[in-house]
Every structure is written in structure tokens, then in C-alpha cells.
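Overview (structure and organization)
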Amino acid sequence: LDVMPRRRGAPNGVNERLIVEAVEWARTHGIDEVSLNFAAFRELFESAPTVARRLVRRVVHLLDPFINVESLYRFNAKFHPRWVPRYLVYRAAGDFAPVGLAAASAEGFVPLERRPVAAS
């Protein structure tokens, strides 16, 4: 449900219906919590607008057709979720790029080819 591809001409509400069905199924099977997906930068859209935030919002808005951050946030907000922050932890500044790339890939933002590692 986190990618939500949609065919052109498909009726609206299909993804919403899938989420409602998943939540209902979980509820009947004793599952108390369902994770929708990862929507980054929620604070950016909900915090008081400063000059810096307005600039970053504008950049995110312009990039949204490619990264879907703003539209994913708006989609999730319809369900009134409990937002849980995620943190990226790394040892040194030089580790940020590879750790960030791995995290972005794990969340589906960066499609990396995954090859099995041969046992030595």
C-alpha cells in the first residue's frame, strides 16, 4: 500500500478501500495497529511557516511529481494516523550518504538493484 500505483482511468478510492479492508481484517484478527507507510517531512507541512520552511515547502512541492512526499502526506492525513517519527543514526558525517541511500532504498524512494551476496 505504500507505493499506490494507479492506472489512468481507474476509479478514485481504490487505495482507500484497500486500506479500510486491511484495517478491518487486522481488527478482526486481533491486530491493534497497522502501519500505512512512511511519509517524510510531516513537520514541514504542519509547522508554523517560517521563511526557511516556505522555501523548503516550495522545493518539495516542485519535486513532488518525482518524489511524492507532499501528496503522500496529504493521502495519509485523510486517515488521521498517529504519526511516529523515524530517525537516521550514523557514526560519522562520512557515513551519512551510504546510510541515507540505504534507508531511502529500504523505504522504496530509491530503486537500487539488490543482488544476493555470495557466501565466502
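Preceding block: the structure.
Thresholds applied
- Residues numbered from 1 in each chain as written.
- Predicted model: local features only at pLDDT ≥ 70, side-chain atom pairs only at ≥ 80, totals over all residues.
- Heavy atoms only, no water.
- Helix = DSSP H or I, 4+ residues; strand = E, 2+ residues; numbered from the N terminus.
- Buried < 20%, exposed > 50% of the residue type's maximum accessible area, 1.4 Å probe, protein only.
- Polar contact = N/O pair within 3.5 Å; in protein donor to acceptor, adjacent residues only side chain to side chain.
- Salt bridge = Lys/Arg side-chain N within 4 Å of Asp/Glu carboxyl O.

1. A word on unusual backbone geometry
- Unusually for a residue other than glycine, histidine 80 sits at a positive phi of about 50°.
- Among the structural elements, histidine 80 can be located in the loop between helix H4 (69-77) and helix H5 (96-106).
- The exposed category is assigned to histidine 80, whose relative accessible area is 72%.

2. Examining the environment of glutamate 33
- By secondary structure assignment, the location of glutamate 33 is in the loop between helix H1 (14-28) and helix H2 (42-46).
- Considered as a pair, glutamate 33 and arginine 82 are 49 residues apart in the sequence and their alpha carbons are 9.9 Å apart.
- Here the side chain of glutamate 33 touches arginine 82 through a polar contact of 2.6 Å, side chain to side chain.

3. Points about the pattern of salt bridges
- Enumeration over the complete set of coordinates arrives at six salt bridges.
- Glutamate 21 is the salt-bridge partner of arginine 17, the closest N and O atoms lying 2.5 Å from each other. Taken as a pair, arginine 17 and glutamate 21 lie in helix H1 at a separation of four residues, close to a single helical turn.
- A residue is classified by how much of its surface remains accessible, and glutamate 21, at 35% relative accessible area, is partly exposed.
- We note a salt bridge from arginine 82 to glutamate 33, for which the minimum N-O separation is 2.6 Å. Here the residue arginine 82 occupies a position in the loop between H4 and H5, and glutamate 33 occupies one in the loop between H1 and H2, the gap between them amounting to 49 residues.
- Look at glutamate 33 and you get exposed, because its relative accessible area is 54%.

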